[in-house]
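Here is how the chains run, residue by residue.
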Amino acid sequence: LIDAIEAGGSRLPSALKVWIVGDGPETDLLKQRVVGDDRFEWLGAIDDHEMARRLRGADVFCVPSLRGESFGVVLLEGMAAGTPVVASDLPGYRNVVRDGDEAVMVPPGDAEALADALGSVLRNQTQTDHLVAAGWARAEDFSMVHLGERYVQIYESVV
């Protein structure tokens, strides 16, 4: 993500603000890379209430994972908040979204593709509106209410 923002140039809005959530073993090194760049705000670990508030307030939810994601719950959280999602094209995330429909997917580690996707979503209101509507519907498919209804149907068919 840092590489994409740094390489984004005119593809990204000049007033861009990036909230980075969480802490990991490379956090200090990553922070050093962007010292003095006020586009980046490091939030560290935040609680669920703050995460929901940030998701609802974001123009785009970027999930540039490189590997190891078995399922896209984090994508569902973004979509349920009504936020367009840009994420790495990983098999686990494909369990949840279709590229171009509920989210924009990019090759993992491809900073240029990530910058293009972020710029497109941030500048194209038609695309953003489509992603939000399709993402909301997809998140609803995974809601506890919907899953409960599906279990009832399964139990009724067995009985």
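Residues numbered from 1 in each chain as written. Predicted model: local features only at pLDDT ≥ 70, side-chain atom pairs only at ≥ 80, totals over all residues. Heavy atoms only, no water.

(A) Expanded view of the overall build of the protein chain. For the protein chain, the count of helices and strands is 8 helices and 5 strands. Starting at the N terminus and ending at the C terminus, the protein chain contains elements arranged as α-β-α-β-α-β-α-β-α-β-α-α-α. Each principal axis of the C-alpha distribution contributes one length, and for the protein chain these read about 65 × 35 × 25 Å. For the protein chain, the residues scored as buried account for 36% of the 159 residues in total. For the protein chain, long-range pairs separated by at least 24 residues make up 54% of all intrachain contacts whose partners lie at least 6 apart in sequence. Here the protein chain has roughly 9300 Å² of accessible surface; of this, 53% comes from carbon and sulfur atoms. With 14 positive and 26 negative side-chain charges, the protein chain shows a spacing of 3 Å between the two charge centroids. (Helix = DSSP H or I, 4+ residues; strand = E, 2+ residues; numbered from the N terminus. Buried < 20%, exposed > 50% of the residue type's maximum accessible area, 1.4 Å probe, protein only. Contact = heavy atoms within 4.5 Å. Areas by Shrake-Rupley, 256 points an atom, 1.4 Å probe, with all protein chains shown as cover. Lys, Arg positive; Asp, Glu negative; His and termini not counted. Charge placed at Lys NZ, Arg CZ, Asp CG, Glu CD.)

(B) Highlighting the sheet that holds strand β5 (residues 104-106). Ordered by their spatial adjacency, 3 strands build an open sheet running β3-β4-β5, and the pairing between neighbours is parallel. At either margin of the open sheet sits one strand with a lone partner, and together these are β3 (61-63) and β5. Between one strand and the next, the sheet's axes are offset by a mean angle of 15°, whatever the strand orientation. Here 3 bridges tie β3 to strand β4 (residues 85-88), and the two strands are oriented parallel to one another. Directly across from F61, in β4, lies its bridge partner V85. (Pairing = 2+ DSSP bridges. Axes fitted to C-alpha atoms, helices over the stretch in contact; angles between N-to-C directions.)

(C) How the structure looks around the packing of aromatic side chains. Under the counting rule described, the total for this entry stands at 1 aromatic pair. A ring pair is formed by F71 and F142, whose centres lie 5.8 Å apart and whose planes are at 65°; its orientation type is edge-to-face. Linking F71 in the loop between β3 and α4 (73-80) with F142 in the loop between α7 (125-141) and α8 (144-158), this pair joins segments that are 71 residues apart in sequence. The exposure class of F71 is partly exposed, given its relative accessible area of 33%. Of the residues examined, F142 reaches a relative accessible area of 27% and is grouped as partly exposed. (Phe/Tyr/Trp six-rings, centres within 6.5 Å; stacked < 30°, edge-to-face > 60°.)

(D) Main features of helix α6 (residues 111-123). Between its first and last C-alpha, α6 extends 18 Å over 13 residues, near the 18 Å set by a 1.5 Å rise per residue. Residues of α6 that are buried include every one of A113, L114, A115, A117, L118, G119 and V121, and no others. In this fold, the buried residues of α6 make contact with α1 (2-8), β3, β4, β5 and α7. Structurally, the start of α6 carries an N-cap: the backbone nitrogen of E112 is 3.2 Å from a side-chain oxygen of D110. (Expected span 1.5 Å × (residues − 1). Polar contact = N/O pair within 3.5 Å; in protein donor to acceptor, adjacent residues only side chain to side chain.)

(E) Spotlight on the environment of G100. Among the structural elements, G100 can be located in the loop between α5 (91-94) and β5. The exposure class of G100 is partly exposed, given its relative accessible area of 46%. A sequence separation of 21 residues divides G100 from V121, and the C-alpha atoms of the two residues are 11 Å apart.

(F) Summary view of the side chain of S88. Within the secondary structure, S88 sits in strand β4. We classify S88 as buried; its relative accessible area is 2%. Only 2.5 Å separates the side chain of S88 from the backbone oxygen of S65, close enough to count as a polar contact.

(G) Fine view of the pairing of strand β1 (residues 18-21). Judged by which residues are buried, β1 turns out to be one-sided: V18 and I20 face inward and are buried, whereas W19 and V21, on the alternate face, are not. Alignment of β1 against strand β2 (residues 40-44), held across 4 bridges, turns out to be parallel. Looking across to β2, one finds that V21 is bridged to G44. Since β1 and β2 lie parallel, the crossover through helix α2 (residues 27-33) that links them has a hand, and here it is right-handed. (Right-handed = clockwise from strand over helix to strand, strands pointing away.)

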